[in-house]
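Letter by letter, the chains look like this.
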Amino acid sequence: MSFHRKGFTLAEVLVAMTLMTMLMAAVFQFGQAGTNHAQKSRSRAETAQEAAKILAILKEDLRSACMPVSGNRLQIRLGDWLTATGTSELPAVSFYSFPRHVSLEVAAPRKTVGKSVRPLARISWRMIPGRANMGEDGPVLEREEVFEASHTVLLISRRSPQLTIRVVEFESGNQREPVFWVNLRLRESEGSGAPRSEGGQRETLEFYTVVVPEAFEAMWNNSDVRPPWHTILVGP
């Protein structure tokens, strides 16, 4: 007795291999798409976290912003509290601020007779050219603070940031209240999964916040104000 075992033809084998290849390619593309999506999400989350840290520092600075006061009556205009410097490509903004990281005796010295002189800090946020040898392919953002003999500079971001601070007005009841409008733009981090524009450049994310200085809140909309603190505010 003999047995005959039927096998696959060459055509059947080729068809099976083709279908298997197509299936594997589809699975690979699906997995690659999922990986890219995860990388993009992680990149954007990292950028958002960095933006939150930057805005937290800046909001703390702006909440403490003020202006030199000699003790005379004055009109309060929020636009006078900012000084724009730098260039259109590398802008910078500076303002006076109550110092926060010193002792109370240093920040607000007291006198028994006459007015006390209260020293202010001078804070500057500015864009500077990036350094190629440090891996900086665009401008960087730094913060400078000058208080009496102290001078500190802090590198804030290397993500080719763009920072704008301007005064806008919002409706507050029957009045228009001026506020600082902050616009921060950060470029996505490097990496294969970082989102890119049509030109192949890394995408830029945009963030906003609104800040009103505490000193301004206490005095705004008063046409003739004498500062409530019995001191003279002097900047560096």
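In this report, the structure presented in the accompanying data block is examined.

**Let's talk about the overall build of the chain**
No. 1: Helix and strand counts for the chain come out as three helices and 11 strands.
No. 2: Expressed as a percentage of contacts within the chain between residues at least 6 apart in sequence, the contacts between residues at least 24 apart total 60%.
No. 3: Split by element, the accessible area of the chain, about 15,100 Å² in all, is 56% carbon and sulfur.

**Topic: the side chain of Glu142**
No. 1: Within the secondary structure, Glu142 sits in strand E6 (residues 140-147).
No. 2: Looking at Glu142, its side chain comes within polar contact range of the side chain of Arg126, at 2.7 Å.
No. 3: Beyond its immediate sequence surroundings of up to four residues, Glu142 is in contact with Ser124, Trp125, Arg126, Ile128, Val153, Leu154, Leu155 and Ile156.

**Overview of the pattern of salt bridges**
No. 1: Counting across every chain of the model gives seven salt bridges.
No. 2: The shortest N-O distance in the salt bridge between Glu50 and Arg159 comes to 2.6 Å. Taken together, the residues Glu50 in helix H1 (residues 10-63) and Arg159 in the loop between strand E7 (150-157) and strand E8 (162-172) connect sequence positions 109 residues apart.
No. 3: Given the relative accessible area of 15%, Arg159 is considered buried.
No. 4: We note a salt bridge from Arg126 to Glu142, for which the minimum N-O separation is 2.7 Å. Remark: Glu142 occurs in strand E6 and Arg126 occurs in strand E5 (residues 121-128); sequence separation between them is 16 residues.
No. 5: Salt bridges here are not isolated pairs; linked through shared partners, they connect Asp61, Arg143 and Glu145.

**Side note on the packing of aromatic side chains**
No. 1: All chains considered together, the criterion is met by three aromatic pairs.
No. 2: Seen from their ring centres, Trp81 and Phe216 are 5.6 Å apart, and the 90° between their planes marks the pair as edge-to-face. In this pair, Trp81 is assigned in the loop between strand E1 (65-66) and strand E2 (83-86) and Phe216 in helix H3 (residues 214-219), connecting sequence segments 135 residues apart. The two residues Trp81 and Phe216 agree in class, both being buried.
No. 3: Taking the centre distance of 6.3 Å and the plane angle of 35° together, the rings of Phe170 and Trp181 count as tilted. Remark: Trp181 occurs in strand E9 (residues 175-187) and Phe170 occurs in strand E8; sequence separation between them is 11 residues.
No. 4: On the accessibility criterion, Phe170 (37% relative accessible area) is partly exposed.
No. 5: Judged by its relative accessible area of 22%, Trp181 falls in the partly exposed class.
No. 6: Among the aromatic residues, those joined into a cluster by ring pairs are Phe170, Trp181 and Tyr208.
No. 7: Here the basic side chain of Arg122 rests over the ring of Tyr96, its NZ or CZ set 4.3 Å away from the ring centre.

**Considerations on the nonpolar core**
No. 1: Within the largest apolar cluster, 37 residues are counted, with the highest numbers of intra-cluster contacts made by Leu62, Trp81, Trp125, Leu163, Ile165 and Phe180.
No. 2: Elements with a contribution of two residues or more to this core: H1, E1, strand E3 (91-97), E5, E8, E9, strand E10 (204-211) and H3.
No. 3: When near neighbours in sequence (up to four residues on either side) are disregarded, Leu163 contacts Leu58, Pro91, Trp125, Met127, Leu141, Val182, Asn183 and Leu184.

**Section: the pairing of E6**
No. 1: Here E6 lies mainly inside the structure; seven of its eight residues are buried.
No. 2: The sheet contact formed by E5 and E6 spans seven bridges and is antiparallel. Bridge assignment links Arg126 to a residue of E6, and that residue is Glu142.
No. 3: Bridge count between E6 and E7: seven bridges; the pairing is antiparallel. Bridged to Glu144 within E7 is Val153.

What counts and what doesn't
- Residues numbered from 1 in each chain as written.
- Predicted model: local features only at pLDDT ≥ 70, side-chain atom pairs only at ≥ 80, totals over all residues.
- Heavy atoms only, no water.
- Helix = DSSP H or I, 4+ residues; strand = E, 2+ residues; numbered from the N terminus.
- Contact = heavy atoms within 4.5 Å.
- Areas by Shrake-Rupley, 256 points an atom, 1.4 Å probe, with all protein chains shown as cover.
- Polar contact = N/O pair within 3.5 Å; in protein donor to acceptor, adjacent residues only side chain to side chain.
- Salt bridge = Lys/Arg side-chain N within 4 Å of Asp/Glu carboxyl O.
- Buried < 20%, exposed > 50% of the residue type's maximum accessible area, 1.4 Å probe, protein only.
- Phe/Tyr/Trp six-rings, centres within 6.5 Å; stacked < 30°, edge-to-face > 60°.
- Lys NZ or Arg CZ within 6 Å of the ring centre and 35° of its normal.
- Core = buried A, V, L, I, M, F, W, Y, C linked by side-chain atoms within 4.5 Å.
- Pairing = 2+ DSSP bridges.

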